[in-house]
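Residues per chain, in single letters:
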Amino acid sequence: MASGKEVRTKIKSIQNTQKITKAMEMVAASKMRKAQDRMAASRPYSDKMRQVIHHLAFAHTEYKHPYLLERDEVKRVGYIIISTDRGLCGGLNTNEFKAVLKSVIEWSDQGVEVDYCTIGTKAAGFFKRMKGDIVSQAGHLGDAPSVNDLIGSVKVMLDAYNEGKIDRLYVAYNEFVNTMTQEPRVNQLLPVISIKEEDELKHHWDYIYEPDAKDVLDGLMVRYIESLVYQGVTENVACEMAARMIAMKAATDNAGELINDLQLVYNKARQAAITQEISEIVSGAAAV
Amino acid sequence: MAMTMHVDIVSAEHELFSGTAEVVIAPAVRGEVGIYPRHTQMITPLKPGEVRITKQGGEEESIYVSGGILEVQPHVVTILSDTAVRAHDLDEAAAMEAQKRAEQALKDKTGDMEEAEALAQLAEAAAQIHLIQKLRGKK
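Please read all numbers here as calculations on a predicted model, not as lab measurements.

**Student:** How should the sheet that holds strand β4 (residues 168-176) of chain A be read in this particular structure?
**Tutor:** Sheet strands line up and pair through hydrogen bonds in the backbone, either parallel or antiparallel. All names here are of chain A. In space, the 5 strands of this open sheet follow the order β3-β2-β1-β4-β5, with mixed pairing throughout. The strands lining the two open edges of the sheet, one partner per strand, are β3 (133-138) and β5 (182-190). The average undirected angle you get between the axes of adjacent strands in this sheet is 20°. Each of β1 (76-82), β2 (113-119), β4 and β5 is contacted by helix α2 (residues 92-109), which is oriented at about 175° to β1, the strand it contacts most. With respect to the sheet, helix α4 (residues 148-162) is in contact with β1, β2, β3, β4 and β5, its orientation differing from that of β3 by roughly 150°.

Now the structure itself:
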């Protein structure tokens, strides 16, 4: 049995770890609330954007934007993978990467090549180790990501799509279902999947475009894609915080259990030592 | 009572304004436009500038937008505001930077992220300086 002192230092060190995990849990909880607010704040923009695109897709435009057209042949696909910058958030990133790989394998079985754009350092590390073709990268976005940080990476992928280097674009992120559940998602960004066909007949009008339809649509489409990616990023931040909170709570609980077990061992050792001492004294007194 | 329409001004990061208004004046790329209720459907990009809203009851409010898109429906006006000053060059710089980061990360076998980060920050700073100079030039 371990000596009393050894067990005591072990308990001390676990208590210190527990303090840290407890603090991290509380930090994650407060950050999660803020991240959720941010997630909610980004919704109206993308909802409005979707409405406008919806109108545009069915209004009688003389100009069909390439993002709305399906391409016959798919030779290469692009993935924008949104991950966290830091670890200690349970299986959040791993689950997402698994979902991405599943989708990637489906494509590579058909002989389609894949390009990656990574947002967040974890994805960059993972797909680099996978020897994936990373064409653009963004990281260290912090807890309050801004659209600015994403413009560059998204543009690289959109340019590749415009030039015909890739024929399809996906975005992968974690969807925030609730605090306990985060679902990995792999959604198609391009070509834009048209929304509800049956509404088509209702829209017999068209916009006045200023200066012209092409310019307006170009600007709009880029912003639409950016807003979708941005929403993915905000959701992923909320997921990260929730997952970290849960992971740290579990770690704190485990540390508590470990301390209880060790405390028992320590008490037993102490009791045994006292018993031994008493018996030594008694036998010593008897000998005199 | 004057006719009113619903006005929403949203950016990707937050909602800037939502309410009923009598008139909206916005800086469209082809010059300022004033939108009254029952305007025909229109869609146009906006320049950076001031959006003036005359709210129901005559109270005025002005909001700065750094560009965006104005969508008009007879009774709904939506402004999708950009969060940043957008310029083609600047977008290009951001794209180059993202590419550079990826290339750098692939080159660094040891995963020397610090250098990549430093380079990224350098590119970012350079891009900002570029924009500032451009904006000064315009004034």
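**Student:** Hey, could you run me through a positive patch on the surface in this one?
**Tutor:** Residue and element names in this part refer to chain A. The grouping of Lys5, Arg8, Lys12 and Lys19 at the surface amounts to a positive patch. Secondary-structure assignment places lysine 5 in helix α1 (residues 4-58). Relative accessible area serves as the criterion here: at 61%, lysine 5 is assigned to the exposed category.

**Student:** Would you take a moment to explain the packing of aromatic side chains for this structure?
**Tutor:** Both the distance between ring centres and the angle between the ring planes are used here to describe each pair of aromatic rings. Residue and element names in this part refer to chain A. Counted by the stated rule, this structure contains 8 aromatic pairs over all chains. When the ring of tyrosine 116 is compared with that of phenylalanine 127, the centres are 4.5 Å apart and the planes differ by 35°; the resulting orientation is tilted. Within this pair, whereas tyrosine 116 is found in strand β2, its partner phenylalanine 127 is found in helix α3 (residues 121-129), the two being separated by 11 residues in sequence. Judged by its relative accessible area of 6%, tyrosine 116 falls in the buried class. Taken together through their ring pairs, the aromatic side chains of Tyr79, Phe97, Trp107, Tyr116, Phe126, Phe127 and Tyr170 make up a single cluster. Sitting over the face of the ring of tyrosine 161, arginine 71 holds its NZ or CZ atom 3.9 Å from the ring centroid.

**Student:** I would appreciate a short explanation of the interface of chain A and chain B in the present structure.
**Tutor:** A common way to state how big an interface is: give the accessible area lost once the parts meet. Contacts between the two partners involve 42 residues from chain A and, on the opposite side, 42 residues from chain B. Both faces combined, the contact of chain A with chain B buries some 3,500 Å², and carbon together with sulfur accounts for 63% of it. Area buried by chain A at its contact with chain B is led by Tyr45, Gln137 and Glu210 of chain A, which between them contribute 19% of it. Across the contact surface, chain A and chain B share 2 salt bridges. At the surface where chain A touches chain B, the tally comes to 4 residue pairs in polar contact (both at pLDDT 80 or more). If one sorts the elements of the side of chain A that touches chain B by residue count, α1 of chain A sits on top with 9 residues. By the bridge criterion, 2 bridges tie strand β6 (residues 208-209) of chain A to strand β4 (residues 42-55) of chain B in an arrangement that is parallel. Residue pairing in the sheet places tyrosine 209 of chain A in a bridge with isoleucine 43 of chain B of β4 of chain B.

What counts and how
Position labels on residues start from 1 in each chain and follow its written sequence. All chains are assigned letters beginning at A, and all ligands numbers beginning at 1, according to the order in which they are written. A pLDDT threshold of at least 70 governs which residues receive local features in this predicted model, and a stricter bar of 80 or more applies before side-chain atom pairs are shown or counted, although totals over entire chains, interfaces and linings include all residues. Working from all heavy atoms in the structure, the side-chain values ignore hydrogens and water. Two strands qualify as a pair provided that DSSP identifies no fewer than 2 bridges between them. Under the scheme used here, helices are H or I runs from DSSP no shorter than 4 residues and strands are E runs no shorter than 2 residues, and both carry numbers assigned from the N terminus. The angle between two axes is taken between their N-to-C directions and runs from 0 to 180 degrees, where each axis is a line fitted to C-alpha atoms and a helix contributes only its stretch in contact. Here, residues are in contact when the closest pair of their heavy atoms is within 4.5 Å. Patches were defined on residues exceeding 30% relative accessible area and lacking a salt bridge, with like-charge contacts within 9 Å and nonpolar side-chain contacts (Val, Leu, Ile, Met, Phe, Trp, Tyr) within 5 Å. Here the accessible surface of atoms and residues is derived via Shrake-Rupley with a 1.4 Å probe, and residues count as covered only by protein chains that are part of the display. Salt bridges are counted wherever a side-chain nitrogen of Lys or Arg sits within 4 Å of a carboxyl oxygen of Asp or Glu. For this count, His and the chain ends are skipped, Lys and Arg are scored as positive, and Asp and Glu as negative. A single reference atom marks each charge: NZ on Lys, CZ on Arg, CG on Asp, CD on Glu. Only protein chains enter the accessibility calculation, which uses a 1.4 Å probe. A residue is then buried if its area is under 20% of the maximum for its type, exposed if over 50%, and partly exposed in between. The pairing test for Phe, Tyr and Trp rings, Trp by its six-membered ring, is centres within 6.5 Å, and the orientation test on the planes gives stacked under 30 degrees, edge-to-face over 60, and tilted for anything in between. Working rule: Lys NZ or Arg CZ, within 6 Å of ring centre, within 35 degrees of ring normal, means a charge sits over the ring. Simply put, the buried area is the total loss of 1.4 Å probe accessible area from both parts when two parts are fitted together. Counting of polar contacts relies on pairs of N or O atoms within 3.5 Å, with two restrictions inside protein: one atom must be capable of donating a hydrogen and the other of accepting it, and residues adjacent in sequence are counted only when both atoms are side-chain atoms.

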